[in-house]
Each structure stands twice: as structure tokens, then as C-alpha cells.
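Here are the chains, one letter per residue:
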Amino acid sequence: MPNTIGPQRSGIFRNGLRSVGVSLCLFGGLSAGAAYAQDQLKGVVELFTSQGCASCPPADANLRKLIQNGDVIGLSYHVDYWNYLGWTDSLASKENTERQYGYARALGRNNVYTPQAVVNGRDHVKGADIQTIYRRLDDFNKAGEGLNVPISTERVGDEIEIDIGAGQGKAEVVVAYFNREQVVDVQKGENQGKTISYWHSVYDVQTVGMWDGKAMTVKLPASVMSKAKSGGCAVLLQKMDAVGNPSAIVGANVLMQSEG
């Protein structure tokens, strides 16, 4: 189909989007504290945001609340298409922008926007609307579209073992690396003069395996966590559409670096 997708501002949207499912654990070189059981998590929220978008700070603050509440895994993807407004987003990347465009293509959308929250990979809402985000998560869990594929992780020697349970369909095993918190002084553009705190900003996404519905184990060198620096990584079990665009995520796990 023709590529008619283009960016739009704060809350102008049509149709829906798709994203994730998770459990949380901290381990090995990584600390073993404050882990959440998978059945305590409502789901995953991916926020597409920009330092150059005046409508984004309330959504960025909401993502922090969701993460700190402990019942949602939040990931922040800074996009680069608002850089022309006078401020180059220091956390943005073309890969983050392409991830958002990929979701749009998978859903037949003709635009992207900020701040956009992708909820469990099955819908999108305005990123500043925390009540609707929680309502969507509850609706998906009631419909059986929550975190259906169990994933656990363990450090064994110099390896990280990712154990994925059985389920239906096929999916990619994706690792998204993020920083825990970064504070940015925005000096130009629509947010000029503001100091904004960004949580779980993704800076690298890699596919590390394939899942065909059968239980499996993926092993990674423990050294990959050195990339996490002051943050961690999310292991996402993500389905793709017929032409390879990202779609629903049916399971995941988050690993955090120790703060000590």
C-alpha cells in the first residue's frame, strides 16, 4: 500500500496499535530485589515521545507513575521527526521512529503522533490519559489478551537463560535496552527552559531468537547487560504481521541492573 504515514501532534489519531506482555525480575550482577510476579502485572505500555513536543511532558510523567506503581512495565521510545522544531532530542533515534511507523503499518494507520501510548500491543491511546491506559489494560486481561506466555530468566555462570513457556503461534524474542532515568535540560524548541525526567528510554532493540509456540530456552552472554549501564533490558516475545511489522507481544521479562 502507499506509504502515506506522517507525524501528527498530541492526541490526533485514528485506529489502534499493538505492543507487549511481561514479568519482572532482577538478578545477577543485577540485584535480586523487588521482583513482581507475572500475575501481578497489568501489562506493558510503550510510549512514543519527543523532547521537542510541548504535549509530551505530561505523558512522560505518566509513564514514570506507571513504572513506579509497579503493576505496569513501561518503555519510552523517543522519536526524531520533531527535531526540526528547533531542538534535537538527545534520546531519539531513527530506529525508535521506525518502530512506531511499523506499528502503524501493521494496523493500517495513515499517521503517527506524539505522545502515543501503545498498550499491550493491542490498542493505542493518548499518552497523557492514564485512566484510559489502565482501562485498556483491564479490558485486555478480561478478554484473555494479557500476559499469556510465561517467561522467566536466570543467570547461570556467564550466561543469561531466558525460559519461554508454550503457547500459540510464532513470535520473535526481542531485547530492548533502556536507561532507568535521565534528566534533560531542554534549551530550545517547544519545551525550552524545562527540565524533564525520562524513564526507561530505549536506546537499542535486538532480535535474539524465534519462538514457534513450543517451550524453549534462549541463552545470552551475561556481558550483554553491560549495555544496560544504569538501566536494564526488556525481553519481549513479539508477534509480527505478514510482512514483518511489529504486532502483539504475548510475553516478556524485564532485567534491571543493580543500583548498588
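Residues numbered from 1 in each chain as written. Predicted model: local features only at pLDDT ≥ 70, side-chain atom pairs only at ≥ 80, totals over all residues. Heavy atoms only, no water.

Labelled according to an unreviewed UniProt entry, the protein appears under the name DUF1223 domain-containing protein, originating from Agrobacterium cavarae.

## A short note on the overall build of the protein
Put simply, the rule is: For the purposes of this entry, the term helix denotes a DSSP run of H or I that reaches at least four residues, the term strand denotes a run of E that reaches at least two, and both are numbered from the N terminus. Exposure is judged per residue with a 1.4 Å probe applied to protein chains only, and the accessible area is read against the type maximum: over 50% gives exposed, under 20% gives buried, and values in between give partly exposed. In this description, contact between two residues means that some pair of their heavy atoms is separated by no more than 4.5 Å.
Within the protein, the regular secondary structure consists of 3 helices and 14 strands. Every one of the 260 residues in the protein was classed for burial, and the buried ones make up 55%. Considering only contacts in the protein between residues 6 or more positions apart, those separated by 24 or more positions represent 73%.

## Describing the side chain of Asn-120
Where we set the bar: Polar contacts, as counted here, are pairs of nitrogen or oxygen atoms within 3.5 Å of one another; within protein the pair requires one atom able to donate a hydrogen and one able to accept it, and residues that are adjacent in sequence qualify only if both atoms are side-chain atoms.
Following the sequence through the fold, Asn-120 ends up in the loop between β6 (116–119) and β7 (123–126). Within the local environment of Asn-120, its side chain forms a polar contact with the backbone nitrogen of Val-44, the two atoms lying 2.9 Å apart.

## Examining the nonpolar core
Within soluble globular proteins, side chains that are nonpolar generally end up buried alongside one another. Stated formally: Here, nonpolar core means buried Ala, Val, Leu, Ile, Met, Phe, Trp, Tyr and Cys residues that are tied together by side-chain atoms lying within 4.5 Å of each other.
By size, the foremost hydrophobic cluster in this structure holds 27 residues, and its most contacted members are Leu-75, Tyr-77, Phe-178 and Leu-236. Elements with a contribution of two residues or more to this core: β3 (43–49), β4 (72–78), α2 (94–106), β10 (171–185), β13 (232–240) and β14 (246–256). Broken down by element, this core gets its largest block of residues, 4 residues, from β14. In terms of nonpolar packing, the next biggest core, distinct from the first, is built from 20 residues, Ala-171, Tyr-177, Val-224 and Leu-255 among them.

## Here's the deal with the pairing of strand β9 (residues 159–164)
As a reminder, the rule being used: When DSSP finds two or more bridges between a pair of strands, those strands are recorded as paired.
One ladder, built from 6 bridges, connects strand β8 (residues 151–156) with β9; its direction is antiparallel. In the sheet register, Thr-153 faces β9, and the bridge partner there is Ile-162. The loop that links β8 with its antiparallel partner β9 comprises 2 residues; one of these, Gly-157, has a positive phi angle of about 65°. Examined bridge by bridge, β9 and strand β12 (residues 216–221) share 6 bridges and lie antiparallel to one another. Bridge pairing in β12 links Ile-162 to Val-218.

## With respect to unusual backbone geometry
In the segment running from Thr-114 into Pro-115, the intervening peptide bond is cis, with an omega of -5°. Along the chain, Pro-115 turns up in the loop between β5 (111–114) and β6. Look at Asn-120: it is not a glycine, yet its phi comes out positive at around 50°.

## Structural notes on the side chain of Asn-191
Mapped onto the elements, Asn-191 comes out in the loop between β10 and β11 (195–211). Given the relative accessible area of 0%, Asn-191 is considered buried. For Asn-191, the residues in contact, after removing those within four places along its chain, are Ser-50, Gln-51, Gly-52, Cys-53, Ala-54, Pro-57, Val-186 and Ile-196.

## Notes on the packing of aromatic side chains
For any pair of aromatic rings, the description consists of the separation of the ring centres together with the inter-plane angle of the planes. Defined as follows: Any two rings among Phe, Tyr and Trp, with Trp reduced to its six-membered ring, count as a pair given centres within 6.5 Å; such a pair is stacked if its planes are under 30 degrees apart, edge-to-face if over 60, and tilted if neither.
Tallied over the full model, the rule gives 6 aromatic pairs. Relative to Tyr-77, the ring of Phe-48 lies with its centre 5.2 Å away and its plane at 20°, an arrangement referred to as stacked. One end of the pair, Phe-48, is in strand β3; the other, Tyr-77, is in strand β4, and 29 residues separate them in sequence. Just as Phe-48 is buried, Tyr-77 falls in that class too. A network of ring pairs unites the aromatic residues Tyr-81, Trp-82, Tyr-84 and Tyr-101 as a single cluster.

## Focus on α2
For the record, the criterion: By definition here, a helix of n residues has an expected span of 1.5 Å times n minus one.
In this model α2 runs 18 Å from its N-terminal to its C-terminal C-alpha over 13 residues, within 8% of the 18 Å that 1.5 Å per residue would give. Of the positions making up α2, those classed as buried are Asn-96, Thr-97, Arg-99, Gln-100, Tyr-101, Gly-102, Tyr-103 and Ala-104. Once α2 ends, the next one or two residues include Gly-108, with phi positive near 70°.

## Let's talk about the pattern of salt bridges
Put simply, the rule is: Any Lys or Arg side-chain nitrogen found within 4 Å of a carboxyl oxygen on Asp or Glu counts as a salt bridge.
The final tally for this structure, using the stated rule, is 7 salt bridges. Salt-bridge contacts for Arg-105 lead to Glu-98; the nearest nitrogen and oxygen are separated by 2.1 Å. The partner of Glu-181 in a salt bridge is Arg-180, with the nearest N and O atoms 3.9 Å apart. The exposure class assigned to Arg-180 is partly exposed, which follows from its relative accessible area of 26%. In this structure, a network of salt bridges that share partners links the residues Arg-64, Arg-180 and Glu-181.

## Regarding the confidence of the model for the protein
How we decide: pLDDT expresses how confident the predictor is about each individual residue, on a scale running from 0 to 100.
Looking at the protein as a whole, its pLDDT mean stands at 84, while 83% of the residues score no less than 70. Across residues 10–36 the pLDDT falls below 50, and counting only partners more than four positions away or on other chains, this stretch makes 118 contacts in the model.

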